[in-house]
Each structure stands twice: as structure tokens, then as C-alpha cells.
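Below, each chain spelled out in residue letters.
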Amino acid sequence: MPVQAECDVLVVGGGPAGTAAAIAAARLGVKVVLAERYGHLGGLATGGLVIWIDRMTDWQGRHVIRGLAEELLARLPADAIDGPAPAIWGSREAADVGHWAPRSNAFHDIVTWAPNIDPEWLKAVTLATLREAGANLLLHAGASNPIVEDGRIAAVVFESKQGRFAVTARVVVDTTGDGDLFVRAGETSQDDIAPSNMHHCMNTAWLFGGVDTERWIAFKADREALAAFTTQARRTLGPIQLPMAAWRNDVIVFMGPRFAGYDATDVADLTEVELRSHDTKLAHLDFFRRHAPGFENAWLMLTAPQIGVRHSRRLVGRKVMRSDDWKAGLRHNDEVGVSPSLGPKFPNVSIPYGALLPRGIANLLAAGRHISTDAVSHTFMREIPQCWVTGQAAGTAAALSVRHGTTPGDLDIGRLQQSLLDQNVPLGA
């Protein structure tokens, strides 16, 4: 089998976690290869049209998810991002909440920083930042299997148009989202879900152009009219999804309907969800044009090239992020990031390094939505900002391991934390 590349750090998967890992590692001066199965970067934030970036401020308005997440969003042009000004993050004023709640930037009557972004521009700035960092990129390369020797991954095998090839690395970061590498390397995963939530569902998202979002938001404020509309839509369409505001007022995004009962690692199930989503999209376009204020001139702008998977596998790592711990305010001594909690009654969440470390393979890290958590913690740790956080931590740890001649599991945690602080990553939950 030909060896396509040799590197210090191989990152597999170019979504938010993978791009953050590759950028962070390359900036620390090691040779990095980022391999991605599609022709673009950004994962579900771009190719999946998850253009609403979940909360990066806590319930007091403090900006707790920063680092590369903040840097990438700051590089977007002003007309490619929409969200509240920092001066009102944490505001409970009725006027502020009333304006930003319909735009998914206020929850529990508190204004948050959860902007809507232009996915094409996020692709562009992510790619530019990666290139500037000096990372090497392999697109249209899908990882198939790791080659494991003596408890380490010696190389990863990829499938491509040119056939199979391998990439060798000293440290590998699995940011596939589904744990493809760590499972095939023999690590244990779990897939239990919290049955009362939608975080196990799948769908393919889409954008409509030519809408008048302000009219739609004004219509939704009439609860009786909205209830009648929703009832009629369910009778006509079956499963329905109300749209969310986008980064501009003539575009709107549908992140559903969400379909339950499917396996995100089964090709037949993935195909079925794609077909259902595409059929539903056209039915929604017809119905909304005829019945929804602001949609009279709507047109089908874009269907996501990536299916929206919320959950498949989760690593069983050296540590498991448990909801009982963060609800009690536990701060991990190996903390590598901080996340906002699910609600104002809970403190900020400490993210432990151990949740990124497999129990067996010595030179492997996992970052993104498949890190080691329980089912409840996964419902927010899978979100895009949290994936940026764990990706940046994994990439930093991988590079430091190479530079100091150790494995990720034996890396000095103080050295890792200091490097993250130097990268503007807040620590101290």
C-alpha cells in the first residue's frame, strides 16, 4: 500500500473539532495533516447547514467559549454573521430578549451569544486559517481503518479515487464525529441516549431564499395564528419543522423535521433519512409558499451536502463527563475548557482532558461530538462551539506530546493548560 504522507499529527475529520485540532497543532510547530472526506471544511457548521452556532456565553453573559471559536467567528465579514452586541450579552431586558429570542439568541429570557452565520464564509475563513497555520490538507479522502501495532496506531488507511493509501503519524486525532477510528482500533464505545430528547435524531437541513424573515417573526408572535398554522401543517405534511432565522433577513433555515429510530452508522438508514428529508423539503416549500406569511416568493436555495447526525457513538474514555458532576459544580483538575450549562440553575461545565483520552491506544486522542460523556452531557457537548473547544485541546495536546516525546496520556497537564491559556482558552469553570 502506498504511503501518501508522513506527519507528526494526523487529524481525521475536518469538522469544527478537526479544523480546530489541526490549526492548534500546526501553530505549535509540528507537521500536521488534516484529512477530510468531503471537499470543504467545517463539517455540520457548513456542509450540514447548522448555521446557528449554539451559546458561547454563560447565563451571566460571560464569554466562556473563546480561543479558535472566537477567532474564526471574528474573521467573518460583518454581513456574514448576525447576533447581539457584547454589551447586551446576559441582558434580561424585555426589549433585548424580545428582539433576539426569535433569532435564537435569547433563552430563559436571557440574551446569549449564539450567532447565525453564512456557511460559505465560515468555510472560507476556516480554510484560510488552516493554511496560514501551515497544516497540510487532504480532501476527498475517507478514513477506513487504523493499522494498530503494539497498542499504537502506526498509520491510517484511506479510500480515495486513486485507491487505497496510508498516512503515518506519531499521534492521531479522531474527529470523525462517529468515532470511526477509535472503534476500529478496538476502543469501547457506548450509544445510549436520553429518550426524552431529540438529540439522537437525524435529518438533512436546507435553506430557502426569497423569504421575508421579519414578516415570519411577526406572524409567529401571534400564538393563536401560529397554533392554527402548525395544526394545518401537521395535517398536510405529517412531520413538520418550523424554520429558524439565518444571518440575513431573506434567507431562512430548516433544521428538520428530525427523524428518530435510525442508525447513523448504517448506510441503508442514512439513505432512508436522506430520501425522507428531500421529500419533506419539497412538501414544506409548497406548503409554506401557500400558507406562511413571508414565504410567498420563497425558493429552494440549498440542500445540505452533509446529513445532520447528532449522535452515533461515544468514546468510553479515561474519564466520562457525567451530568451529576457538572450539576454539582465539579471542576476537573485536568480541565481543558469550559462550556455553558444547559440552564441558569446549573453552574458552568468543566471539560476534562480525560474525556478525550482512550483507555487503550497510547497515541490516539478523540475530540468532537464523540468524546466520553454520559447521554445527558452529550446533548450539549456535541454542539459546534464545544467541538471547537475539545478540538483545540486535542490538537494542542497532540503537538505537545510530539514536541516533548511523550504520549497524550502521559502529557503534563499543567503544560497543556498553560498552552491553552496562552491561546485565549478560558479555564476555571
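Going by the structure above, here's the rest.
These figures come from a predicted structure and were not determined experimentally.

Rules used throughout
Residues numbered from 1 in each chain as written. Predicted model: local features only at pLDDT ≥ 70, side-chain atom pairs only at ≥ 80, totals over all residues. Heavy atoms only, no water. Helix = DSSP H or I, 4+ residues; strand = E, 2+ residues; numbered from the N terminus. Rg over C-alpha atoms; globule rule 2.2 N^0.38 Å. Buried < 20%, exposed > 50% of the residue type's maximum accessible area, 1.4 Å probe, protein only. Contact = heavy atoms within 4.5 Å. Areas by Shrake-Rupley, 256 points an atom, 1.4 Å probe, with all protein chains shown as cover. Lys, Arg positive; Asp, Glu negative; His and termini not counted. Charge placed at Lys NZ, Arg CZ, Asp CG, Glu CD. Salt bridge = Lys/Arg side-chain N within 4 Å of Asp/Glu carboxyl O. Core = buried A, V, L, I, M, F, W, Y, C linked by side-chain atoms within 4.5 Å. 1 Å grid on protein atoms, 1.4 Å probe; cavity = no way out; pocket = protein on both sides within 12 Å on 5 of 7 lines; lining within 4 Å. Points joined across faces, edges and corners; volume = space filled by probe spheres on them. Nonpolar A, V, L, I, M, F, W, Y, C, P; charged D, E, K, R; others polar. Pairing = 2+ DSSP bridges. Polar contact = N/O pair within 3.5 Å; in protein donor to acceptor, adjacent residues only side chain to side chain.

Caption draft 1: The arrangement of the overall build of the protein in detail. Along the protein, the regular secondary structure elements total 12 helices and 21 strands. Here the C-alpha atoms of the protein give a radius of gyration of 21 Å, agreeing with the 22 Å that 2.2 N^0.38 yields for 429 residues. Viewed in the frame of its principal axes, the protein has a C-alpha envelope of about 65 × 45 × 40 Å. Looking at the protein as a whole, 59% of its 429 residues qualify as buried. Sequence-distant contacts, at least 24 apart, represent 72% of the contacts inside the protein between residues at least 6 apart. Summed over all atoms, the accessible surface of the protein reaches about 16,800 Å², with 48% contributed by carbon and sulfur. Side chains of the protein give 41 positive and 46 negative charges; the mean places of these two sets differ by 1 Å.

Caption draft 2: How the structure looks around the pattern of salt bridges. Within the structure shown, the criterion is met by 17 salt bridges. In this structure, Arg66 engages Glu70 in a salt bridge whose closest nitrogen and oxygen atoms are separated by 2.9 Å. A relative accessible area of 24% means that Glu70 is categorised as partly exposed.

Caption draft 3: Structural detail: the nonpolar core. Judged by nonpolar contacts, the single largest core of 80 residues is most densely connected at Val9, Val32, Leu365 and Trp388. Among the elements that take part in this core, helix α11 (residues 384-403) stands out by supplying 11 residues, more than any other. With sequence-adjacent residues up to four places away left out, Leu365 is seen in contact with Val171, Val172, Val173, Asp174, Tyr353, Leu356, Leu357, Pro358, Ala394, Ala397, Ala398 and Pro408. Within the second largest apolar cluster, 22 residues are counted, among which are Leu10, Val172, Leu181 and Ala185.

Caption draft 4: Just the layout of surface pockets, in detail. Looking at the second largest pocket, its volume works out to about 200 Å³. Considering the residues around the second largest pocket, the lining is formed by Asp191, Ile193, His200, Gly261, Tyr262, Asp263, Ala264, Thr265, His311, Ser312 and Arg313.

Caption draft 5: Up close: empty space enclosed by the protein. Scanning the model with the defined rule gives 2 cavities of 30 Å³ or more in all. In this structure, the largest cavity spans a volume of roughly 80 Å³. Along the wall of the largest cavity there are 15 residues; nearest its centre are Arg66, Gly67, Val389, Gln392 and Val425. Mapped onto the lining of the largest cavity, the elements with two or more residues apiece are α2 (67-74), β19 (335-339) and α11. Looking at the lining of the largest cavity residue by residue, the classes come out as 11 nonpolar, 3 polar and 1 charged.

Caption draft 6: Geometry of the sheet that holds strand β16 (residues 299-303). Pairing in this open sheet of 4 strands is antiparallel, and the strands run β14-β15-β13-β16 from one edge to the other. The open sheet has two free edges, formed respectively by β14 (244-245) and β16, since each of these has just one partner strand. By the bridge criterion, 4 bridges tie strand β13 (residues 206-209) to β16 in an arrangement that is antiparallel. Note on β16: the bridge partner recorded for Trp206 is Thr303.

Caption draft 7: Inspection of the pairing of strand β8 (residues 142-149) at higher detail. Pairing analysis gives 7 bridges linking β8 to strand β9 (residues 152-160), with the strands arranged antiparallel. Paired with Ile147 across the bridge in β9 is Ala155. Connecting β8 to the antiparallel partner β9 that follows it, the hairpin turn spans 2 residues, and Asp150 within it adopts a positive phi of roughly 55 degrees.

Caption draft 8: Spotlight on α2. For α2, the full list of buried residues reads Gly67, Leu68, Ala69, Leu72 and Leu73. Against α1 (16-27), β3 (81-82), β6 (116-117), α4 (119-133) and α11 lie the buried residues of α2.

Caption draft 9: View of the environment of Asp180. Within the secondary structure, Asp180 sits in helix α5 (residues 180-184). Taking the C-alpha atoms as reference points, Asp180 and Ala143, separated by 37 residues in sequence, lie 8.1 Å from one another. Residues within four places of Asp180 in sequence aside, it is in contact with Asp174 and Arg313. A polar side-chain atom of Asp180 sits 3.0 Å from a polar atom in the side chain of Arg313.

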